[in-house]
Amino acid sequence: MYMKNQFLKSIVSGAFLMSVGMLQAQNPIVQTLYTTDPAPMVHDGTLYVYTGHDEDKADFFWMQEWRIYSTRDMVNWTDHGSPLALESFAWADDRAWAAQCIERNGKFYWYICAHSKLTNAMAIGVAVGDSPTGPFKDAIGKPLADGDWANIDPTVFIDDDGRAYLYWGNPEIFYAELNDDMVSLKGEVRKVEQTVESFGAPNPKLRQKGVKYKDTYTEGPWLSKRGNKYYLLYAAGGIPEHIAYSMSDKPLGPWKYMGEIMPLQDTGSFTNHCGVIDYKGNSYFFYHTGKLPGGGGFGRSVAVEQFKYNADGTFPIINATREGVKPVGTLNPYQRVEAETIAFSEGIKSEPNAKTGIYISNTHNGDYIKVREVDFGTKSPSKFTATLASALRGGTFEVRTDSIDGTVIAQIVVPHTGGWECWKSFEADIKNPVTGVHDIYFVFKGRKGCELFNFDWWQFYK
Ligand code: FUB
């Protein structure tokens, strides 16, 4: 009897811990689909992350598009959809792999790699847009570099003196200087000489079988600068990959191998790919894992950790966590907030619509969206509005504070509205006054086993 009780107790407490764990998880930062190869960029007080997209149930990197997410508080991420895809490049037909975007003189240059129809190999291309979220178009109608399977994973950097550099490559490291127009190369594409001192091992062709090197550059370079030191971070060690780095006093080297940043660990993905950035006084390390349910080596998801550089400017060891990073801001619920601004969610998907933009779909009984650090102020709101649509029988939309089964502060019974994109705004009175800063949960309830309703945006009113 005692054994049985202990067994039941451990299952119950295990299940409880699992759900508490899920609710506190902050990584991966996007749960509505698989995101890869993060490239962070800060513009005008907002942090953007440019990502790739692994298809559901993929058996290779059959990737079709690039995506953008943004945050102003490091915990709520807004989905900006996919303003760039293989179709944006007439010369590309496959493998929308790692990419990075940078701003210069009010234009946004998004360097990508994809399979080229022109050469049947990989190529580096560049798209340009007038805002960080686009629209973007192929800047030159042809690749910047083409004809080599090693042409993957461009990283771009503009130095304090205005000179701009591109690095890329697997397993070679290529580099070129960009002209001021950012869409043409100044001079030749060159190859970085890899040595034991610079990257832990000699050039790939000179590596000897059976020799254990300090490390081996693999792919996914990330070029950055702090003070007067340059950093080249990269995926290393072959497969499975860890993240390592080299440092230099100049943007084009000579480089010195510095060691590992994210050692091999249980990320559930045999690739890793990083991007580093400072935002609101903190330093952040973006990478990817296979940790979203159903994920793995071809179903990767972007995650982020906060870190502090060592006093001498070197990197500390950074490990992957489920908890991720702490908030650095609050969210104002008295202005329109898009449903696709999410700290964590389960069960749902996001969809694009040319007129209304991105919205949340695929809601089923028990699915939820968590939004963090919602600042209601000292006076409770009196009303809540949400824009919803259902082609079927609808369901119940609950707004709860602090947990999935926390206090219900508003509730809307959603009817059939005429279609999945036949939007109606619904208003609800606040049932239980709420003040101060809370996490809120939008909990979707209704008949089991069927889709309930779509969700476009929400707002509270005083
Ligand atoms: O996402 C496809 C490829 O996997 C990237 O280009 C590599 O860096 C690796 O992450």
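**A short note on the overall build of the protein chain**
Link 1 in the chain: Counting its secondary structure elements, the protein chain contains 2 helices and 33 strands.
Link 2 in the chain: The principal-axis extent of the C-alpha atoms belonging to the protein chain is close to 70 × 60 × 40 Å.
Link 3 in the chain: When burial is assessed residue by residue, the protein chain has 57% of its 462 residues classed as buried.
Link 4 in the chain: Taking as baseline every contact in the protein chain between residues at least 6 positions apart, the subset at least 24 positions apart corresponds to 58%.
Link 5 in the chain: Taken as a whole, the protein chain presents about 19,600 Å² of accessible surface, with 52% of it coming from carbon and sulfur.
Link 6 in the chain: Measuring between centres, the 46 positive side-chain charges of the protein chain sit 4 Å from its 54 negative side-chain charges.

**Description of the pairing of strand β15 (residues 217-226)**
Link 1 in the chain: Among the 10 residues that make up β15, 8 are buried, leaving the element largely enclosed by the rest of the structure.
Link 2 in the chain: Where β15 meets strand β16 (residues 229-236), 7 bridges bridge the pair, whose relative direction is antiparallel. The partner of Leu223 across the bridge, within β16, is Leu232.
Link 3 in the chain: Counted between consecutive antiparallel strands, the loop separating β15 from β16 contains 2 residues, among which Gly227 sits at a positive phi close to 60°.

**Describing the packing of aromatic side chains**
Link 1 in the chain: Within the structure shown, the criterion is met by 44 aromatic pairs.
Link 2 in the chain: Both rings, one in Phe60 and one in Phe61, keep their centres 5.4 Å apart while their planes meet at 50°; by these two values the pair is tilted.
Link 3 in the chain: The class for Phe60 is partly exposed, based on a relative accessible area of 23%.
Link 4 in the chain: Note on Phe60 and Phe298: the rings are 6.2 Å apart at their centroids and 50° apart in plane angle, and the pair reads as tilted. Of this pair, Phe60 sits in the loop between β2 (46-54) and β3 (65-71) while Phe298 sits in the loop between β20 (282-289) and β21 (301-307), placing them 238 residues apart in sequence.
Link 5 in the chain: Look at Phe298 and you get partly exposed, because its relative accessible area is 24%.
Link 6 in the chain: One aromatic cluster is present, built from ring pairs that chain together Phe376, Phe384, Phe397, Phe442, Phe444, Phe453, Phe455, Trp458 and Phe460.

Rules and cut-offs
Sequence order sets the numbering: in each chain, residues are counted from 1 along the sequence as written. Totals for whole chains, interfaces and linings use every residue, but because this is a predicted model, local features are given only for residues with pLDDT of at least 70 and side-chain atom pairs only at 80 or more, for both listing and counting. Each side-chain value is worked out from all heavy atoms of the structure, with water and hydrogens disregarded. In DSSP terms, a helix is any run of H or I states spanning at least four residues, a strand is any run of E spanning at least two, and both are numbered starting from the N terminus. Accessibility here uses a 1.4 Å probe with only protein chains present; expressed as a share of the type maximum, an area under 20% marks a residue as buried, one over 50% as exposed, and anything in between as partly exposed. The contact rule is simple, with two residues in contact once any of their heavy atoms fall within 4.5 Å. Here the open area of atoms and residues is found with the Shrake-Rupley method and a 1.4 Å probe, where only the protein chains shown may cover a residue. Charge assignment: positive for Lys and Arg, negative for Asp and Glu; neither His nor the chain ends contribute. Note on charges: their place is set at NZ of Lys, CZ of Arg, CG of Asp or CD of Glu. Should DSSP find at least two bridges between two strands, the strands are regarded as paired. In this analysis, rings of Phe, Tyr and Trp, with Trp reduced to its six-membered ring, are considered paired at centre separations within 6.5 Å, and the interplanar angle assigns stacked below 30 degrees, edge-to-face beyond 60, and tilted for intermediate values.

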